[in-house]
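Analysis of the macromolecular model
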Amino acid sequence: MNKLLVTLIALLGFSNMAVAQGDIEAGKAKSVTCVACHGGDGNSPSNLYPKLAGQHKSYLEKQLQQFKSGERSDPIMAGMVAALSEQDMKDLAAYYSSQTPTPETVSPEVAVSGKNLYMGGDIKRAIPGCTACHGPRGNGLELAKFPKISNQHPAYIKSQLEKFRSKARTNDPSGMMGDIAAKLTDADIELLSNYISALH
């Protein structure tokens, strides 16, 4: 009898832990309203909207929370997340993080030029290499909530760098992205956007 009780408690504990971490199937069901902009599997058909497929769960949760709180400003997303609970956000994040992003490609010339700036930054302009936070393959860092940026639409990466530069987006930790983007020229942003998208 005691063994049965212990087993039941353990199963309930694992079940509750799974729900707390997010349920992929529940997230898939809840993603129906997200399809128009982000695609059925998180690979947005439009480069105006980000691909969510394969993104870190912790980062996705953070963005949803900040859209809801207003810390990250976007009129469309504010309306979409208004009714979401914390569990809804966890479920959606679990679903999208489990999907596979579609790859992007870049010309050999951009690959060579972009690699130098992405990997090493520019010491003269006090621009650090992007690898410090996003890694050499653009995979980011889940624990620090630094996003995966590889395989993303180049146009979306460009728009976010421009928003960080203009301070239209300010939800980056300690203003790091704003400080870095402020030093980037239009040509830098164009180059990095195309190079980063093809990292995989």
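A brief structural summary. No experiment lies behind these values; they were computed from the predicted model shown. (Residues numbered from 1 in each chain as written. Predicted model: local features only at pLDDT ≥ 70, side-chain atom pairs only at ≥ 80, totals over all residues. Heavy atoms only, no water.)

1. Side note on the overall build of the protein
Stated precisely, the cut-off is as follows: Under the scheme used here, helices are H or I runs from DSSP no shorter than 4 residues and strands are E runs no shorter than 2 residues, and both carry numbers assigned from the N terminus. Exposure classes here rest on a 1.4 Å probe applied to the protein chains alone. A residue is buried below 20% of its type maximum, exposed above 50%, and partly exposed in between. By the convention used here, residues are in contact when the closest approach between their heavy atoms is within 4.5 Å. Positive charges are assigned to Lys and Arg, negative charges to Asp and Glu, while His and the chain termini are left out of the count. By convention, the point assigned to a charge is CZ for Arg, NZ for Lys, CD for Glu and CG for Asp.
Regarding its fold elements, the protein presents 11 helices and zero strands. Of the regular secondary structure in the protein, the N- to C-terminal order runs α-α-α-α-α-α-α-α-α-α-α. Each principal axis of the C-alpha distribution contributes one length, and for the protein these read about 70 × 35 × 30 Å. Counting across all 200 residues of the protein, residues that qualify as buried make up 39%. A sequence separation of at least 24 residues applies to 67% of the contacts in the protein between residues at least 6 apart. Computing the positive centroid from 21 side-chain charges and the negative centroid from 19, the protein places the two 4 Å apart.

2. Here's the deal with the pattern of salt bridges
Note the cut-off: Salt bridge, as used here: a side-chain nitrogen of Lys or Arg that lies within 4 Å of a carboxyl oxygen of Asp or Glu.
Summed over the entire model, instances satisfying the criterion amount to eight salt bridges. The salt bridge involving Lys30 is made with Asp91; its shortest N-O contact spans 2.5 Å. In this pair, Lys30 sits in helix H2 (residues 24-30) while Asp91 sits in helix H6 (residues 86-97), placing the two residues 61 residues apart along the sequence. Take Asp91: its relative accessible area is 3%, and that puts it in the buried class. Two residues, Lys51 and Glu104, come together in a salt bridge whose shortest N-O distance is 2.7 Å. Pair noted here: Lys51 is in the loop between helix H3 (35-38) and helix H4 (57-69) and Glu104 is in the loop between H6 and helix H7 (108-120), with a separation of 53 residues, a long-range link. The same class applies to Lys51 as to Glu104, namely buried. Taken together, the salt bridges that share partners define one network made up of Lys30, Asp88 and Asp91.

3. Structural notes on H4
Threshold: What a helix is expected to span follows from its residue count: subtract one and scale by 1.5 Å.
Its 13 residues give H4 an end-to-end C-alpha distance of 18 Å, which sits within 8% of 18 Å, the value for a rise of 1.5 Å per residue. Considered for burial, the residues of H4 that qualify are Ser58, Tyr59, Leu60, Glu61, Lys62, Gln63, Leu64, Gln66 and Phe67. On its buried face, H4 sits against helix H5 (75-81) and H6. Positive phi shows up at Gly70, right after H4, with a value of about 90°.

4. Section: the state of the cysteines
Our working definition: Sulfur atoms of two cysteines make up a disulfide when they are within 2.5 Å.
Here the structure, examined in full by the defined rule, presents zero disulfides. Here Cys34 stays free of any disulfide, with the sulfur of Cys37 as its closest cysteine sulfur at 8.7 Å. Free cysteine: Cys130, not disulfide-bonded; nearest cysteine sulfur from Cys133 at 8.9 Å.

5. Focus: empty space enclosed by the protein
Our working rule: Method remark: on a 1 Å grid restricted to protein atoms, a set of points is classed as a cavity if a 1.4 Å probe fits but cannot get out and as a pocket if it is open with protein on both sides within 12 Å along at least five of seven lines; lining residues have an atom within 4 Å of a point. Grid points are joined across faces, edges and corners, and a volume is the space filled by probe spheres set on the points. Under this grouping Gly is polar, as are all residues other than the nonpolar Ala, Val, Leu, Ile, Met, Phe, Trp, Tyr, Cys and Pro and the charged Asp, Glu, Lys and Arg.
Scanning all chains against the criterion turns up one cavity of 30 Å³ or more. One number sums up the size of the largest cavity: a volume of about 60 Å³. If you trace the largest cavity, you find it lined by Lys51, Ala53, Gly54, Gln55, Pro101, Lys148, Ser150, Asn151 and Gln152. Residues belonging to the lining of the largest cavity are distributed by class as follows: two nonpolar, five polar and two charged.

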